[in-house]
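Listed below, chain by chain, are the residues.
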Amino acid sequence: MDEFAAERLRMVAEGLAGRDVRDPRVLQALREIPRHRFVPPEQRVHAYADTPLPIGAGQTISQPYMVGKMTELLALTGAERVLEIGTGSGYQTALLCRLAARIYTVERLPELQQRALALLAALGQTNVTARLGDGHQGWPEEAPFDAILVTAAPTEVPPALVTQLAPGGRLVLPVGERWSRQVLVRLRRAPTGELTREELFPVSFVPLVAS
Ligand code: SAH
């Protein structure tokens, strides 16, 4: 427990469970992960408002509702190998670490990656491997993945990520141009290999930067 515990429980009760995030494992992990440690000190008082916040380098930690909703859409049971694109603050990574077996996370900015990894280590997360690079390429050496989550928006679904999705796997990502007309997309690969694409709802993410 910490000084923000009551605020954090309220955030989950009102902003997530009070809306349509239902997965009990997702909700419990969000009650426990100290979001205030993933934001810059000057943002700490806002850490449990249901809103995105700046984390430096022009990037943002996503709104808690969005983090919960996207994670729920991955339908994690605990056994999965997960690829995350856009480590950022590491908050979403910490959530994935608690809900799946092994997390592979890709970030392009070294300063954000270093801060995130130091914090994940301090919180005792040992099931995460990180790489610096362009998320459009995924992580071919570790593929296939049971779940892939992208937290910055490409203009189109990156073909490499689709290739790296295991049979039965789920890929969740925002797709579209900067600030407008972005939509949250879920691609599912059936055990037989066939793909289905769902366009879920409008979103607003920072761009997945092309290298
Ligand atoms: N999930 C993060 C959100 C970070 S914002 C969090 O919870 O804090 C999106 C992140 O994607 C930023 O850190 C940005 O640097 C990173 N990013 C943008 N383009 C990228 C690319 N092509 N490859 C890898 N990471 C990228």
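This text goes with the structure placed above it.
Quick caveat: nothing in here was measured; it's all calculated off a predicted structure.

**Thoughts on the packing of aromatic side chains**
So, step 1. One pass over the full model with this rule turns up 4 aromatic pairs.
So, step 2. Grouping aromatic residues by their ring pairs yields a cluster made of Tyr104, Trp139 and Phe145.
So, step 3. Above the face of the Tyr65 ring, Arg19 is positioned so that its terminal group lies 3.7 Å from the ring centre.

**Quick notes on the pattern of salt bridges**
So, step 1. Scanning all chains against the criterion turns up 11 salt bridges.
So, step 2. Notably, a salt bridge pairs Arg81 with Glu142, separated by 3.8 Å at the nearest N-O pair. Within this pair, whereas Arg81 is found in strand β3 (residues 81-85), its partner Glu142 is found in the loop between β5 (128-132) and β6 (145-150), the two being separated by 61 residues in sequence.
So, step 3. For Glu141, the salt bridge goes to Arg131, with nearest N and O atoms at 3.2 Å. Placement of Glu141 in the loop between β5 and β6 and of Arg131 in strand β5 is noted, with a sequence separation of 10 residues between them.
So, step 4. You can call Arg131 partly exposed: its relative accessible area is 27%.

**Here's the deal with the nonpolar core**
So, step 1. Core analysis: the biggest nonpolar cluster contains 45 residues, and Phe38, Leu76 and Tyr91 have the highest contact counts within it.
So, step 2. Of all the secondary-structure elements, those providing two or more residues to this core are α1 (5-17), α2 (24-32), β1 (53-56), α3 (64-73), α4 (91-99), α5 (110-122) and β6.
So, step 3. Broken down by element, this core gets its largest block of residues, 6 residues, from α4.
So, step 4. Discounting chain neighbours no more than four positions away, the residues touching Leu76 are Asp23, Arg25, Thr71, Val82, Leu96, Leu99, Ala100, Ala147 and Arg170.
So, step 5. With 21 residues, the next largest nonpolar core counts Phe145, Val162, Val175 and Val206 among its residues.

Reading the values: the criteria
Along each chain, residue indices are assigned from 1 in the same order as the chain's sequence is written. Only residues with pLDDT of 70 or above have their local features reported here, since the model is predicted, and side-chain atom pairs are shown and tallied only from 80 upward, although totals for entire chains, interfaces and linings are computed over all residues. Note that water and hydrogens are dropped before the side-chain values are worked out from all heavy atoms of the structure. When the centres of two rings from Phe, Tyr and Trp lie within 6.5 Å, Trp using its six-membered ring, the rings pair. Their planes under 30 degrees apart give stacked, over 60 give edge-to-face, and anything left gives tilted. Working rule: Lys NZ or Arg CZ, within 6 Å of ring centre, within 35 degrees of ring normal, means a charge sits over the ring. Definition used for salt bridges: Asp or Glu carboxyl oxygen within 4 Å of a side-chain nitrogen of Lys or Arg. Under the scheme used here, helices are H or I runs from DSSP no shorter than 4 residues and strands are E runs no shorter than 2 residues, and both carry numbers assigned from the N terminus. Partly exposed describes any residue whose relative accessible area lies between the buried limit of under 20% and the exposed limit of over 50%, with all areas from a 1.4 Å probe on protein chains only and scaled to the type maximum. Remark: nonpolar core denotes a set of buried residues (Ala, Val, Leu, Ile, Met, Phe, Trp, Tyr, Cys) joined through side-chain atoms within 4.5 Å. Residue contacts are defined here by distance: any two heavy atoms, one from each residue, within 4.5 Å place the two residues in contact.

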